Amino acid sequence: MAARGFSAPAARRACATSGERRRKFLTAILAAALALLPCAPAGALAACAGRDLLPLIAERAPAAFAALEAEAAHTPFGHGALFRVAYPGAPPSFVFGTLHLSDPRAAPASAAAALARSRAVLVETVEDGARLRRLPPARALALRAALRAGSGERARDLLDADALRRLAALGREAGFAQQAVADMKPAALALVLDLPSCARAVDYADAWIAAAARARGLTPVGLETLAEQIEALGPLDARTATALLEATLKQASAGEDIVETSLILYARGDLGALLAFMRMGEPLPGVAGSGTPPEFLDLLIDRRSARMAERAAPYLKAGGAFLAVGAAHLPGEKGLLRDLERRGFSVERAD
C-alpha cells in the first residue's frame, strides 16, 4: 500500500529519484577518495640507476656502519626471504617477504614452488589498481577519511615555503594534483612519495603473487584494507610529522640510491641489515635529518606486523597457506615470524 499522499506511480518515482541521488552521492565519495591517489604512470618507466650506499656509509660514517652490521647480526630471522611455518598436526605453510618495488630482483623464483602448491594465498591488501574503483561506498569513505589530513596536520601547517614547494614538485612527479598533496596526511604522503619514479610501476612481486593465485582459481585474502594501513600510522604528533616530511624530501634526492641499496640487501637475503638500514638515523651520510623517524617506523612496521600475524594465524594453522608481506615485517623481536613462534608455530628458513 502506498504511503498516504502518494499514488503508487509517484512513490516509485520518488524511490527512483532517491536511489539515483544516493548513487551519485556514493560515486562522488569514491571519486573523492581516488582523487587523493596517484595517477598510473604513463608508458614505460626508465630503469633505476642508483648506487649502493653501504660502501659510502662505511667510508664516511664507520661507527654507524658498524652499528648496522651489529644490529643485523643479532636480528632474529635476519637471513632469508622464504620461511616454512608449521602448526602441530597441520601441513606446513610458507611466509615470503617481498619488496614493494618493480625491479626483477624483488621477485625471486625461490617462492614459486611453494606458491604453486598452496591452497590459500594471503597478501597485505588486495585493494590495488583497478580494484580501488570497485570499492564499496563505505570502504571508499573510510579510505578518504584515512588519507585526508585534519586541522593542523597538513603540510602547510608543518613546513616552510621552500619545503612546501619541493613537496609539491615531488607530488607532481608522482602523479598527484597539488590539492591532493595539500590535503593528504603526512604519513600517507611519506608512503606514496618515498620512491623515485623509476620504481613506481605496479608490477612488483605482491601483484604477481596475487595474479598467480587468481590464475589457479584462488581468491587472494587481504590482511588489511588501505584505510587500515593509513590509520595504523597515526595520528602523529607535530614534531614527528614534520621530521617525517623533511626526511621524505631529503631521501628523494637519493631515492634511486636507497632503492638500489635495499635491492642489494634483499637479493643477498640479509633482511636484518635491510631493517637496520631502514632504521638508520642518517642513511645518507652527512645529511642530518635524512633518517625516517623511529616513531613512524614503529607504527609502519611493528604495529602492522602484529595485526597481520593475528589475522594470518587461522589460515596458517590450517596449513597449506602462502603468506606474502613486506620483507621488513618478517625479522626482529617484534617481527611477524617471532610473533608466529610465540603463537606455537615452528619457523625455519626455506630458501
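Throughout, residues of each chain are indexed from 1 in the direction in which the sequence is written. At least 70 in pLDDT is required for a residue's local features to be given in this predicted model, at least 80 for side-chain atom pairs to be given and counted, and no such filter applies to totals for whole chains, interfaces and linings, which use all residues. Note that water and hydrogens are dropped before the side-chain values are worked out from all heavy atoms of the structure.

Engineer: Tell me about the overall build of the protein, and please be specific about residues and values.
Structural biologist: A run of H or I in DSSP becomes a helix once it reaches four residues, and a run of E becomes a strand once it reaches two; helices and strands are each numbered from the N terminus. Looking only at helices and strands, the protein has 16 helices and six strands in total. Categorising residues by exposure relies on relative accessible area from a 1.4 Å probe, with only protein chains included: less than 20% of the type maximum marks a residue as buried, more than 50% marks it as exposed, and the intermediate range marks it as partly exposed. In the protein, buried positions account for 48% of the 351 residues. Whether two residues are in contact is decided by their heavy atoms, any of which lying within 4.5 Å being enough. Counted over contacts in the protein with a minimum sequence separation of 6, partners at least 24 positions apart contribute 81%. When the accessible surface of the protein is summed, it comes to about 16,600 Å², and 57% of that surface belongs to carbon and sulfur atoms. Methods summary: accessible areas were calculated by the Shrake-Rupley approach with a probe of 1.4 Å, and residue burial reflects only the protein chains presented.

Engineer: I'd love a proper account of the packing of helix α3 (residues 62-73) against helix α14 (residues 271-278), names of residues and values included.
Structural biologist: To characterise two packed helices, one gives the angle between the axes of the helices and the distance between these axes. Two elements in contact, α3 and α14, have axes separated by 8 Å at closest approach and are oriented at 135°. The orientation of α3 with respect to α14, classified from their angle, is oblique. Helix-helix and strand crossings are classified by hand; for α3 and α14 the assignment is right-handed. Taken together, the residues of α14 that come into contact with α3 (itself represented by Leu68, Glu71 and Ala72) are Gly272, Ala273, Ala276 and Phe277. Gly falls in the polar group here, along with every residue not listed as nonpolar (Ala, Val, Leu, Ile, Met, Phe, Trp, Tyr, Cys, Pro) or charged (Asp, Glu, Lys, Arg). Counted by class, the contact of α3 with α14 contains five nonpolar, one polar and one charged residues. Lines fitted to the C-alpha atoms define the axes, with helices restricted to the stretch that makes contact. Angles between their N-to-C directions range from 0 to 180 degrees. The scheme is simple: roughly parallel for angles under 35 degrees, roughly antiparallel for over 145, roughly perpendicular for 65 to 115, oblique for anything else. By definition, turning the near helix anticlockwise from the far helix through less than a right angle yields a left-handed crossing, and turning it clockwise yields a right-handed one.

Engineer: Give a detailed account of the state of the cysteines, specifying residues and quantitative values.
Structural biologist: Whenever a pair of cysteine sulfur atoms sits within 2.5 Å, that pair is classed as a disulfide. Following the criterion strictly, the structure yields one disulfide and no others. Across the disulfide, cysteine 48 is cross-linked to cysteine 198 (sulfur-sulfur distance 1.8 Å). Where cysteine 48 bonds to cysteine 198 through sulfur, the torsion about that S-S bond is close to 95°, and the disulfide is right-handed. Taken together, the residues span a long stretch of sequence, with cysteine 48 in the loop between α1 (8-35) and α2 (54-60) and cysteine 198 in the loop between α9 (186-192) and α10 (205-215) at a distance of 150 residues. A relative accessible area of 27% places cysteine 48 in the partly exposed class.

Engineer: Any chance you could break down the environment of tyrosine 87 for me, citing the residues and the numbers?
Structural biologist: Within the secondary structure layout, tyrosine 87 lies in the loop between β1 (82-86) and β2 (93-98). Taking the C-alpha atoms as reference, tyrosine 87 lies 9.5 Å from leucine 340; in sequence the two are 253 residues apart. Excluding residues within four positions of it along the chain, tyrosine 87 makes contact with Lys317, Arg343, Gly344 and Phe345.

Engineer: Provide a residue-level description of the pairing of strand β3 (residues 120-123), including the pertinent values.
Structural biologist: Side chains Ala120 and Leu122 of β3 all project onto a buried face; the interleaved residues Val121 and Val123 project onto the opposite face, where all are buried too. Note: two strands are recorded as paired if DSSP finds a minimum of 2 bridges between them. One ladder, built from four bridges, connects β3 with strand β5 (residues 321-326); its direction is parallel. Within β5, the residue paired with valine 123 across the bridge is alanine 324. Inspection of the sheet shows β3 paired to strand β4 (residues 221-222) by two bridges, in the parallel sense. Residue pairing across strands places valine 123 opposite glycine 222, the latter belonging to β4.

Engineer: Quick one: what's the story with the environment of leucine 147, residue by residue and with numbers?
Structural biologist: With respect to the helices and strands, the residue leucine 147 is situated in helix α5 (residues 137-147). When the C-alpha positions of leucine 147 and alanine 188 are compared, they lie 6.2 Å apart, and in sequence the two are 41 residues distant.

Engineer: Mind laying out the packing of helix α7 (residues 161-173) against helix α12 (residues 238-252), listing which residues take part and the relevant values?
Structural biologist: Running from N to C, α7 and α12 point in directions that differ by 60°, and their axes come no closer than 10 Å. The angle between α7 and α12 places the two elements in the oblique class. Like other packed secondary-structure pairs, α7 and α12 cross with a definite hand, here left-handed. Along its contact with α7, which presents Ala163, Arg166, Leu167 and Leu170, the element α12 presents Thr248, Leu249 and Ala252. In terms of residue class, the contact of α7 with α12 is made up of five nonpolar, one polar and one charged.

Engineer: Before we move on, can you summarise the nonpolar core with the specific residues and values?
Structural biologist: Grouped together as the largest cluster of nonpolar side chains are 60 residues, with contacts concentrated most on Phe322, Leu323, Leu336 and Leu337. Once you skip the residues sitting within four places of it in the chain, leucine 336 turns out to touch Val95, Ser305, Met308, Ala309, Leu323, Val325, His329 and Leu330. In terms of nonpolar packing, the next biggest core, distinct from the first, is built from 37 residues, Leu143, Ala187, Leu226 and Ile230 among them. Only buried residues count toward a nonpolar core. Its members are Ala, Val, Leu, Ile, Met, Phe, Trp, Tyr and Cys residues joined through side-chain atoms within 4.5 Å.

Engineer: Can you tell me about the side chain of threonine 75, naming the residues and giving the values?
Structural biologist: Structurally, the position occupied by threonine 75 is in the loop between α3 and β1. Setting aside anything within four residues of it in sequence, one finds threonine 75 in contact with Gly272, Pro331 and Gly332.

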